[in-house]
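Residue-level listing of the chains:
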Amino acid sequence: MSHHPAERKQITVPQIVAMKAAGKKITALTAYDYSMARLIDAAGIEIILVGDSMSMVVQGHATTLPVTLDEMIYHAEMVGRAVEHALVVVDMPFPSFLLGSHKAIENAGRILKETRCQAVKLEGGADQADVIDALVSAGIPVMAHVGLRPQSVHRLGGYRVQRDREQLLADARAAEVAGAFSVVLECVPADIARDITRQLAVPTIGIGAGVDCDGQVLVMHDLLGLNTGHVPKHVKQYAQLAPAVTDAVTRFRDEVRAGQFPGKEQTFE
Ligand code: KIV
């Protein structure tokens, strides 16, 4: 088959899987729009996740439950247009994969058809093995997500570290057997995450799961220090953009009020 001239040299799913065997750490970050996706991509991050965390950090909801499939697709289109190198994975929002395999294929199919993204992520392990299997059989790469599953926050009674070793191992194994190409481990004790990582042939991508996972993912707003208020234990802020934004906006406000902006440099003669 000949290739489309506009085809981009993006990292492929098999290349992500091969990084584990090669002992190379995988980096992943979330993005929800064009400009941020371009910066992350240019920095050489291997996986960009259009996460349903968008529901909270972009849309301002209290949980990840409200974001819709149409909204995920709208933002995935922006990210898909920006990216040249990274593999782009799109979260399947609640409950787009919970209404039977047929509906899950229809919804994941829309994501792949309508965006330039290459894979989906869904929250689930053993309980979603049938759906993962159906999607993979349809040619849709799936990243599974076990441990803390934010879409189940109401059942769990809060965002808590998940410590049921047997359940976590069973979920991760079932996801791999069903064909998932990688497994996100969220808020899992480091020793359990290490055991799961050793037992799987496909990579684990940790968030709050210790240093021994095959890769790490963070929500971009967390990494940049864009959120104000409580910083979860698993988050490292590599920048403090919230105060930087407040400072810039405040200086703009003061300079406009004082008649100092625009200055000569910003003025056309
Ligand atoms: O929605 C999201 O951003 C995620 C990551 C935290 C893994 O699922």
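Residues numbered from 1 in each chain as written. Predicted model: local features only at pLDDT ≥ 70, side-chain atom pairs only at ≥ 80, totals over all residues. Heavy atoms only, no water.

Asker: Would you mind showing me how to read the packing of helix α5 (residues 101-114) against helix α6 (residues 129-137) here?
Answerer: Two numbers describe a pair of packed helices, the interaxial angle and the distance between the axes. The geometry of α5 relative to α6 is characterised by a closest axis approach of 9 Å and an angle of 50 degrees between their N-to-C directions. Our classification of the angle between α5 and α6 gives oblique. In this structure, α5 meets α6 at a crossing whose hand is right-handed. Residues Ser101, Ala104, Ile105 and Ala108 of α5 form the contact with α6, whose own contacting residues are Asp130, Val131, Ala134 and Leu135. (Axes fitted to C-alpha atoms, helices over the stretch in contact; angles between N-to-C directions. Helix = DSSP H or I, 4+ residues; strand = E, 2+ residues; numbered from the N terminus. Parallel < 35°, antiparallel > 145°, perpendicular 65-115°, else oblique. Left-handed = near helix turned anticlockwise from the far one by under 90°. Contact = heavy atoms within 4.5 Å.)

Asker: What is the right way to look at a nonpolar patch on the surface in this model?
Answerer: On the surface, Phe94, Leu98 and Leu99 cluster together to form a nonpolar patch covering roughly 270 Å² of accessible area. Inspection of the secondary structure puts phenylalanine 94 in the loop between β3 (87-91) and α5. (Patch = residues over 30% accessible without salt bridge, like charges linked within 9 Å, V, L, I, M, F, W, Y side chains within 5 Å. Areas by Shrake-Rupley, 256 points an atom, 1.4 Å probe, with all protein chains shown as cover. Salt bridge = Lys/Arg side-chain N within 4 Å of Asp/Glu carboxyl O.)

Asker: Just to check I follow, could you spell out the layout of surface pockets for this structure?
Answerer: Where empty space is left in the structure can be found by rolling a water-sized probe over the atoms. The computed volume of the largest pocket comes to approximately 1300 Å³. Around the largest pocket, the lining is made up of 50 residues, and of these Ile207, Val219, Asp222, His234 and Val235 lie nearest the centre. Of all elements in the fold, only β1 (26-30), β2 (47-50), α3 (54-57), β5 (142-147), β6 (182-186), β7 (204-207), β8 (215-218) and α10 (220-223) reach the threshold of two or more residues within the lining of the largest pocket. A total of four residues in the lining of the largest pocket trace back to one element, the largest contributor, which is β1. Residue composition of the lining of the largest pocket, grouped by class: 27 nonpolar, 15 polar and eight charged. (1 Å grid on protein atoms, 1.4 Å probe; cavity = no way out; pocket = protein on both sides within 12 Å on 5 of 7 lines; lining within 4 Å. Points joined across faces, edges and corners; volume = space filled by probe spheres on them. Nonpolar A, V, L, I, M, F, W, Y, C, P; charged D, E, K, R; others polar.)

Asker: Where do I start with unusual backbone geometry in this structure?
Answerer: Most peptide bonds adopt trans geometry, and most residues besides glycine take a negative phi value. The linkage connecting phenylalanine 94 with the following residue, proline 95, adopts the cis geometry, with an omega of -10 degrees. Within the secondary structure layout, proline 95 lies in the loop between β3 and α5. A cis amide bond links phenylalanine 261 to the next residue, proline 262, at an omega of 0 degrees. Residues other than glycine seldom take positive phi values, yet cysteine 187 does so here, at roughly 50 degrees. Counting through the fold element by element, cysteine 187 comes out in the loop between β6 and α9 (190-199). Judged by relative accessible area, cysteine 187 falls into the buried class, the value being 11%. (Buried < 20%, exposed > 50% of the residue type's maximum accessible area, 1.4 Å probe, protein only.)

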